[in-house]
Amino acid sequence: MAKMHIKSGDNVLVIAGKDKGKKGKVLSVFPKQGKVIVEGVAVATKHQKPRQAGQPGGIIKQETAVDASNVMNICGKCNKATRIARKVLEDGKSVRYCKKCNEVFND
Ligand SMILES: [Zn+2]
């Protein structure tokens, strides 16, 4: 299982698939499946029938999970899509950081 470098709340860029080039915020992560749900990415449209007579049916748009390897984090400091690396600080805490500008991500 690949280690997930993406966390809920991260801003990411889609680098593969039909939503390539889209940016969005990570809504949820599924580390076991290696998948993430990104706001506005891989949106599936469902038609919902009215639950009760007299109520209008509706179209529900909902994001579906995409492969975590298809997205890259966007660094909040240099604003570039980046590979996230990990490093261990002097106090033993492991943090994620931007490989481009070395900015440490807040986890
Ligand atoms: Zn950066």
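Refer to the structure presented above.
Here goes a summary of the coordinates provided. From a predicted model like this one, the values you see are computed outputs, not experimental measurements. (Residues numbered from 1 in each chain as written. Predicted model: local features only at pLDDT ≥ 70, side-chain atom pairs only at ≥ 80, totals over all residues. Heavy atoms only, no water.)

A short note on the packing of aromatic side chains
Put simply, the rule is: Aromatic pairing here means that ring centres of Phe, Tyr or Trp (its six-membered ring) are within 6.5 Å. Orientation follows from the plane angle: under 30 degrees is stacked, over 60 is edge-to-face, and everything else is tilted. Charge-over-ring placement is defined geometrically: NZ (Lys) or CZ (Arg) within 6 Å of the ring centre, and within 35 degrees of the ring normal.
Summed over the entire model, instances satisfying the criterion amount to zero aromatic pairs. A cation sits over an aromatic face here: Lys 87 above Tyr 97, 4.7 Å from the ring centre.

Examining the pairing of strand 2 (residues 23–30)
Looking along a regular strand, one sees side chains alternate from face to face of the sheet. The line we're drawing: Two strands qualify as a pair provided DSSP detects at least 2 bridges between them. Strands here mean DSSP runs of E at least two residues long; helices mean DSSP runs of H or I at least four residues long; both are numbered from the N terminus.
In this structure, strand 1 (residues 11–14) lies alongside strand 2, joined through three bridges in antiparallel fashion. Looking at strand 2, one finds that Asn 11 is bridged to Lys 25. In sequence, strand 2 turns back onto strand 3 (residues 35–38) through a hairpin of four residues, with Gly 34 there showing a positive phi of about 65°.

A look at the side chain of Thr 82
As a reminder of what qualifies: In the analysis that follows, any N or O atom pair within 3.5 Å is treated as a polar contact, provided that within protein one partner can donate a hydrogen and the other can accept it, and provided that, for residues neighboring in sequence, both atoms belong to side chains.
Considering the arrangement of structural elements, one finds Thr 82 in strand 8 (residues 81–82). Among the polar contacts listed, one links the side chain of Thr 82 to the backbone nitrogen of Lys 99, at a separation of 3.5 Å.

Read these as geometric descriptors, not functional statements.
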